[in-house]
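# Architecture and fold: a report
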Amino acid sequence: MTIKDVEERTGLSRSNIRFYEKEKLIEPSRNESNGYRDYSKNDVENIKKIAYLRTLGISIEDIRNIISEKVTLQEMLEKQKEVLKNQITDLNKAKLMCEKMLDEGSISYEKLQVEQYVTDFHDYWKDNRTVFKLDSVSFLYIWGSMLTWTMITALCLIIGALSYSKLPTEIPVQWSKGVATSLVNKNWIFICPVICIIIRYLLKPFIYAKLQMNNYYGEIITEYLTNYMNKKAPPQRGFFIGIYQVQSRHAYLF
């Protein structure tokens with residue numbers, strides 16, 4: 001079956017199916033005549049199972065452990081049941097607090113007195129530590145990501161500048177079975193990082209605002225989209241991040 005057939009049989013989008021492949025949860029075979037993916041009935045069943053387990057809140061990593069038989073499905077379901085139970089308890093508490101605040105009539109941020117609703121701050125913060133963990137992870141995620149990309153971009157530009165004079169006029173950006181299939185002018189070693197910066201730092205805020213996802217998961221989705229755009233930007237089908245190795249008169253872009 002082609003991926004279009006799989007979309008029709010599962011009701012899932014192509015991006016979902018590709019994501020499961022990228023995560024190595026399914027590994028369809030290749031058609032030897034054309035090189036396209038050839039999905040089997042077993043692949044389709046696995047895709048449906050994976051998607052269903054995701055709707056239960058089970059993580060990709062936990063699903064991978066189930067498939068590899070590191071943990072049984074029953075064990076994971078029992079674990080997830082407790083996770084969901086705790087989440088429901090926390091949500092019900094938050095709902096009751098919202099109702100209590102609303103029952104008081106007019107309420108504003110300026111007049112909010114937290115002591116009116118919380119008797120012991122230490123216990124209250126401890127009971128809601130999951131929220132603060134998300135805040136901490138979000139902070140590290142955003143700044144760590146920016147630092148990582150800045151360092152990689154700077155490294156690429158430095159290596160590009162040092163190796164520029166030794167590079168041939170055209171350098172390969174795509175390979176197939178050890179043979180270069182696509183060449184571009186060597187100036188692209190500077191142009192590509194600039195494109196990455198434009199996509200990541202100029203388009204990212206626009207995408208984030210357009211999605212109207214002003215929360216932790218919206219940030220992650222935006223991050224994934226900008227990474228994907230960097231990956232698919234021309235002229236190469238890969239991240240515009242490279243280490244340039246010069247051997248004799250040949251240059252290789254990884």
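Let me sum up the structure you'll find in this document. (Residues numbered from 1 in each chain as written. Predicted model: local features only at pLDDT ≥ 70, side-chain atom pairs only at ≥ 80, totals over all residues. Heavy atoms only, no water.)

## Observations concerning the packing of helix α1 (residues 3-10) against helix α2 (residues 14-22)
Applied cut-off: Each axis is a line fitted through C-alpha atoms, and for a helix only the stretch in contact is used; angles between axes span 0 to 180 degrees, taken between their N-to-C directions. Numbering of helices and strands runs from the N terminus, with a helix taken as a DSSP run of H or I at least four residues long and a strand as a DSSP run of E at least two residues long. By definition in this entry, angles of less than 35 degrees are roughly parallel, angles greater than 145 are roughly antiparallel, angles of 65 to 115 are roughly perpendicular, and the rest are oblique. Should any heavy atoms of two residues lie within 4.5 Å, those residues are considered in contact.
Relative to each other, α1 and α2 sit at 110 degrees, their axes nearing to 10 Å. By the angle between their directions, the pair α1 and α2 is classed as roughly perpendicular. Counted together, Ile 3, Lys 4, Val 6, Glu 7 and Thr 10 of α1 and Arg 14, Ile 17 and Arg 18 of α2 form the full contact between these two elements.

## Side note on a nonpolar patch on the surface
Threshold: Patches here are clusters of residues that have more than 30% relative accessible area and form no salt bridge, with a 9 Å joining cutoff for like charges and a 5 Å cutoff for nonpolar side chains (Val, Leu, Ile, Met, Phe, Trp, Tyr). Accessible areas in this description were obtained via Shrake-Rupley with a 1.4 Å probe; residue shielding takes into account the shown protein chains only. Here, a salt bridge means any side-chain nitrogen of Lys or Arg that lies within 4 Å of a carboxyl oxygen of Asp or Glu. Burial here depends on accessible area, computed with a 1.4 Å probe over protein chains only, as a share of the maximum for the residue type. Under 20% is buried, over 50% is exposed, and the range in between is partly exposed.
Together, Ile 107, Tyr 109, Leu 112, Val 114, Tyr 124 and Trp 125 give the surface a local cluster of nonpolar side chains, amounting to about 580 Å² of exposed area. If you trace the backbone, Tyr 109 turns up in the loop between α5 (73-103) and α6 (121-127). Assessed through its relative accessible area of 73%, Tyr 109 is described here as exposed.

## Topic: the packing of aromatic side chains
Formally: Stacked, tilted and edge-to-face are the three classes applied to pairs of Phe, Tyr and Trp rings, where Trp contributes its six-membered ring and a pair requires centres within 6.5 Å; stacked means planes under 30 degrees apart, edge-to-face means over 60, and tilted covers the rest.
Counted by the stated rule, this structure contains four aromatic pairs. Measuring from ring centre to ring centre gives 6.2 Å for Phe 19 and Tyr 20, while their planes differ by 55 degrees; the resulting arrangement is tilted. On the numbers, 5.5 Å between centres and 65 degrees between planes, the contact of Tyr 124 with Trp 125 is edge-to-face. Here Trp 125 falls in the partly exposed class, since its relative accessible area comes to 40%.

## Some details on unusual backbone geometry
Positive phi is not limited to glycine here, since Lys 24 has a value of about 65 degrees. Within the secondary structure, Lys 24 sits in the loop between α2 and β1 (29-30). Its identity as a non-glycine residue notwithstanding, Glu 69 has a phi of 65 degrees, on the positive side. By the secondary structure assignment, Glu 69 is in the loop between α4 (60-67) and α5.

## Some thoughts on the nonpolar core
Our working definition: Only buried residues count toward a nonpolar core. Its members are Ala, Val, Leu, Ile, Met, Phe, Trp, Tyr and Cys residues joined through side-chain atoms within 4.5 Å.
Residues Ile 17, Tyr 20 and Ile 26 are the most contacted members of the largest nonpolar core, which totals 18 residues. Where this core is concerned, the elements lending two or more residues are α1, α2, α3 (41-55) and α4. With five residues, α3 is the single largest residue contributor to this core. Not counting the four nearest positions on each side in its chain, Ile 17 is found in contact with Ile 3, Val 6, Glu 7, Thr 10, Leu 12, Ile 26, Tyr 39 and Ile 47. Counting five residues, the second-largest nonpolar core is a separate cluster that includes Leu 167, Ile 171, Val 173 and Ile 189.

## Things to note about the environment of Asn 187
Inspection of the secondary structure assignment puts Asn 187 in the loop between β4 (179-185) and α8 (188-211). The sequence separation of Asn 187 and Glu 170 amounts to 17 residues, and the corresponding C-alpha distance is 8.7 Å.

## Considering the packing of α3 against α4
Note the threshold: Crossing handedness is defined as follows: a turn of the near helix away from the far one that is anticlockwise and smaller than a right angle gives a left-handed crossing, while the clockwise case is right-handed. Any residue outside Ala, Val, Leu, Ile, Met, Phe, Trp, Tyr, Cys, Pro, Asp, Glu, Lys and Arg is labelled polar, Gly included; the first ten of those are nonpolar and the last four are charged.
Two numbers describe how α3 lies on α4: the axes approach to 10 Å, and their chain directions differ by 135 degrees. On the basis of their axis angle, the class for α3 and α4 is oblique. For the element pair α3 and α4, the recorded crossing hand is right-handed. For the pair formed by α3 and α4, the contact residues are Ile 50, Leu 53 and Arg 54 on the first element and Ile 60, Ile 63, Ile 66 and Ile 67 on the second. Tallied by class, residues from the contact of α3 with α4 come to six nonpolar, no polar and one charged.

## Quick word on the side chain of Lys 186
Heads up, the condition is: When charges are tallied, Lys and Arg are placed among the positive residues and Asp and Glu among the negative ones, while His and the ends of the chain are skipped. Counted as a polar contact is a pair of N or O atoms within 3.5 Å, where, for protein atoms, one must be capable of donating a hydrogen and the other of accepting one, and residues adjacent in sequence contribute only when both atoms are in side chains.
Inspection of the secondary structure assignment puts Lys 186 in the loop between β4 and α8. The buried charged residue Lys 186 lacks any salt bridge, with Glu 170 as its nearest oppositely charged partner at 12 Å. From its side chain, Lys 186 meets the backbone oxygen of Tyr 164 in a polar contact 3.2 Å long. A polar atom in the side chain of Lys 186 sits 3.4 Å from the backbone oxygen of Leu 167. Setting aside anything within four residues of it in sequence, one finds Lys 186 in contact with Tyr 164, Leu 167, Pro 168, Thr 169, Glu 170 and Ile 171.

## A word on α1
Our working definition: Think of it as the arc spanned by the lines of direction from the helix axis to the C-beta atoms.
Taken together, the buried positions of α1 are occupied by Ile 3, Val 6 and Thr 10. All buried residues of α1 project into a common sector of 50 degrees when viewed along the axis, lining one side. Within α1, the exposed residues directed more than 90 degrees away from the buried face are Lys 4 and Glu 8. At its buried positions, α1 is contacted by α2 and α3. Once α1 finishes, Gly 11 follows within two positions and takes phi at roughly 80 degrees, a positive value.

## Remarks on α2
Taken residue by residue, α2 has Ile 17, Tyr 20 and Glu 21 as its buried positions. For α2, the arc enclosing every buried residue in end-on projection is 105 degrees, short of the 170-degree limit, so these residues lie on one face. The outward face of α2, more than 90 degrees from its buried face, is lined by the exposed residues Ser 15 and Lys 22. Against the buried residues of α2 lie α1, β2 (37-38), α3 and α4. At the exit of α2 stands Lys 24, carrying a positive phi of roughly 65 degrees.

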